[in-house]
Amino acid sequence: MSVLFFHVMRYKQTDPDNPNNDRFILYKGHALPSSATWIEVGNISRFDLLSRRKIELDLEDHPTLSRLPFLDVQPTKWLGQGLGAACGMAYTGKYFDKASYRVFCLVGDGECSEGSVWEALAFASHYNLDNLVAIFDVNRLGHSGTLPLEHCIDIYQKRCEVFGWNTFTVDGRDVEALCQVFWQATQVKNKPTAIVAKTFKGRGIPNIEDAESWHGKPMPKERADAIIKLIESQIQTNRNVEPKLPVEDVPHINISHIEMTSPPSYNIGDRVATRKACGLALAKIGHINDRVIVLDSDTKNYTFSEIFKKEHPERFIECFIAEQNMVSVALGCSTYGRTIAFASTFAAFLTRAFDQIRMGAISESNINLVGSHCGLSIGENSLSQMALEDLAMFRAIPNCTIFYPSDAISTEHAVFLAANTKGMCYIRTTRPETDVIYTQQEHFKIGQAKVVRYSVKDQVTVIGAGVTLHEALAAAEELSNQGIFIRVIDLFTIKPLDATTIIASAKSTGGHIITVEDHHPEGGIGEAVCAAVSMEPGIQVCQMAVLGVPRSGRSSELLDMFGISAKHIIMAVKCILMN
């Protein structure tokens with residue numbers, strides 16, 4: 001840390017948000033004592049360090065980005081994620097900013113058991129990220145005991161080299177040796193550098209160095225004074241060391257207020273899959289702002305993100321089948337406000353990256369996730385690819401905006417709204433083609449539902465989104481032929497939910513609500529609506545959702561088999577009115 005912060009890295013101490021600064025990612029756990037470095041830099045006070053863990057202070061054992069702005073990315077201790085975020089920063093620096101700043105990531109040996117570390121190693125090598133340096137702190141001890149490789153640094157070295165990294169081994173306490181390898185890293189082109197540093201926990205402290213059972217524990221006060229005196233006796237100079245200033249060559253960019261320069265080009269009645277409309281919208285927004293980027297996990301020919309790749313190949317990042325790393329790279333790309341990142345894959349595959357998603361939200365990162373092939377409506381595709389729990393997953397994420405567009409027009413608006421929204425956004429798209437139901441002049445707002453069919457005779461409010469909205473509209477048409485009228489609501493955003501429109505419609509239709517969704521009942525639209533109306537007297541909600549484990553089949557057959565088709569909506573309406 002001393003060598004990095006006061007000899008190697010270039011940054012402005014008084015301006016931690018300066019985009020020209022070198023980046024440092026600290027992800028290994030219980031590394032807060034390294035905050036002594038931040039005291040010397042001037043970011044925190046000695047009082048704060050000694051008073052950590054108290055609720056009134058921002059300094060925690062695992063620092064949080066939103067509370068400590070001098071941190072570059074998410075909190076420490078969420079092991080296995082830091083190197084992927086560092087890859088995103090380095091990719092942005094090399095290919096988008098084309099700037100001089102470098103990225104340094106401190107990796108613990110314990111977290112090297114996480115597969116996401118090796119996903120990141122493969123990514124960095126494939127894209128020749130020679131502005132990235134990973135320092136592996138090999139101290140052989142984990143949380144509860146020794147680690148598998150202990151101090152076999154030659155194995156760490158071989159593994160990194162096999163992944164295509166320029167690799168050095170070094171004594172992690174040898175200042176001169178560290179200065180040398182960090183300099184050598186700057187001379188290597190087209191390869192990332194790994195520095196495998198052999199270290200010892202509690203180095204130099206009698207009876208504690210390299211000992212187990214001291215993980216995350218404070219030193220007893222009666223021993224601390226003697227240890228401090230021992231350390232002070234080894235200090236050879238009191239000279240203040242100033243970090244080097246950065247090279248100021250980062251281009252000025254603007255990623256705010258991205259406007260739709262022309263309305264969507266679809267007409268009512270056109271049949272377009274929302275996944276395709278999303279791909280077209282991403283390509284369109286890419287022409288409006290050259291900082292829009294798209295990340296993919298080898299699904300571009302199914303999600304239609306390949307349209308963006310064709311039109312903006314220099315801003316398309318193929319992450320291959322490594323969804324955890326894809327999300328981490330997106331988080332890294334979005335730091336310092338350098339890009340508007342959209343990461344696109346099958347919604348079911350995003351469940352693999354839930355850990356990265358929740359930590360990105362904790363860091364208040366601005367990224368957009370697109371999940372396609374949702375629910376039963378994917379049809380003959382394997383049931384393992386039917387995302388039926390993604391809404392529950394994203395509804396649990398704090399400050400996450402969830403879009404669930406029902407046609408091509410609303411999908412294009414969702415993409416533009418997401419690009420302009422702070423925090424995390426999720427866009428849920430579907431596989432089958434559906435009718436365009438909105439005009440080109442329709443406007444959409446976050447948290448504002450659309451009442452797409454209504455009359456003064458309406459007796460029940462039916463709420464849908466995506467494919468189930470079209471089932472609800474079909475049901476409404478059939479019921480009207482029988483003299484039964486229902487109101488149909490398109491939610492557009494599941495979070496935030498338009499409770500005002502829902503409650504007003506329910507009160508106008510006898511307090512009757514039916515929710516119908518291509519999702520499991522747990523955590524989905526039905527539960528969201530129930531929560532919204534829970535304090536309103538006289539409103540009852542009938543939830544229609546996918547129960548049990550589905551199977552492959554044609555989309556229409558599956559919607560019918562699992563009770564969310566127009567036929568079942570008609571039956572539910574009649575049952576409510578009979579009772």
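Residues numbered from 1 in each chain as written. Predicted model: local features only at pLDDT ≥ 70, side-chain atom pairs only at ≥ 80, totals over all residues. Heavy atoms only, no water.

## Concerning the pattern of salt bridges
A side chain with one charge may pair with a side chain of the opposite charge, provided their charged atoms come close.
Line of reasoning, step 1. What the rule picks out here adds up to 20 salt bridges.
Line of reasoning, step 2. Across the salt bridge formed by Lys 567 and Asp 560, the nearest N and O atoms sit 3.2 Å from each other.
Line of reasoning, step 3. Judged by its relative accessible area of 45%, Lys 567 falls in the partly exposed class. (Salt bridge = Lys/Arg side-chain N within 4 Å of Asp/Glu carboxyl O. Buried < 20%, exposed > 50% of the residue type's maximum accessible area, 1.4 Å probe, protein only.)

## So, the side chain of Asn 325
Line of reasoning, step 1. The residue Asn 325 is located in helix α12 (residues 323–334) in this model.
Line of reasoning, step 2. Setting aside residues up to four positions removed in sequence, Asn 325 forms contacts with Gly 84, Ser 116, Glu 119, Ala 120 and Phe 123. (Helix = DSSP H or I, 4+ residues; strand = E, 2+ residues; numbered from the N terminus. Contact = heavy atoms within 4.5 Å.)

## Description of unusual backbone geometry
Most of the time, phi is negative for any residue but glycine, and the peptide bond is trans.
Line of reasoning, step 1. For the bond from Lys 495 to Pro 496, the omega torsion is 0°, close enough to zero to count as cis.
Line of reasoning, step 2. Here Pro 496 is to be found in the loop between β17 (492–495) and α17 (499–508).
Line of reasoning, step 3. Located in the positive-phi region is His 257, a residue other than glycine, with phi close to 55°.
Line of reasoning, step 4. Positionally, His 257 belongs in the loop between α8 (221–232) and β6 (271–273).
Line of reasoning, step 5. Overall, His 257 belongs to the exposed group, its relative accessible area being 70%.
Line of reasoning, step 6. The phi angle at Asp 298 is positive, at roughly 65°, despite the residue not being glycine.
Line of reasoning, step 7. Locating Asp 298 in the fold gives a position in the loop between β7 (292–296) and α10 (300–303).
Line of reasoning, step 8. Asp 298 gets classed as partly exposed once you look at its relative accessible area, which sits at 39%.

## A closer look at the sheet that holds strand β15 (residues 460–464)
The strands making up a sheet are joined through hydrogen bonds of the backbone, oriented either antiparallel or parallel.
Line of reasoning, step 1. The 5 strands are arranged β14-β16-β15-β18-β19 in an open sheet whose pairing can be described as mixed. With one partner strand each, in any of the chains shown, β14 (450–453) and β19 (540–544) form the two edges of the open sheet. Adjacent strand axes in the sheet meet at a mean angle of 25° when their direction is disregarded.
Line of reasoning, step 2. Relative to β19, strand β18 (residues 512–516) is paired through 5 bridges, and the arrangement is parallel. When the sheet's bridge partners are listed, Val 516 is paired in β19 with Met 544. (Pairing = 2+ DSSP bridges. Axes fitted to C-alpha atoms, helices over the stretch in contact; angles between N-to-C directions.)

## Focus: the packing of helix α4 (residues 82–96) against α12
Line of reasoning, step 1. The contact between α4 and α12 brings their axes to 6 Å, and the two run at 50°. Taken as axis vectors, α4 and α12 run oblique relative to one another. Where α4 crosses over α12, the two elements pack in a sense that is right-handed. In contact with Gly 84, Ala 85, Cys 87, Gly 88, Met 89 and Thr 92 of α4, α12 contributes Asn 325, Ser 328, Val 329, Gly 332 and Cys 333.
Line of reasoning, step 2. Here the contact of α4 with α12 is composed, by residue class, of 5 nonpolar, 6 polar and no charged. (Parallel < 35°, antiparallel > 145°, perpendicular 65-115°, else oblique. Left-handed = near helix turned anticlockwise from the far one by under 90°. Nonpolar A, V, L, I, M, F, W, Y, C, P; charged D, E, K, R; others polar.)

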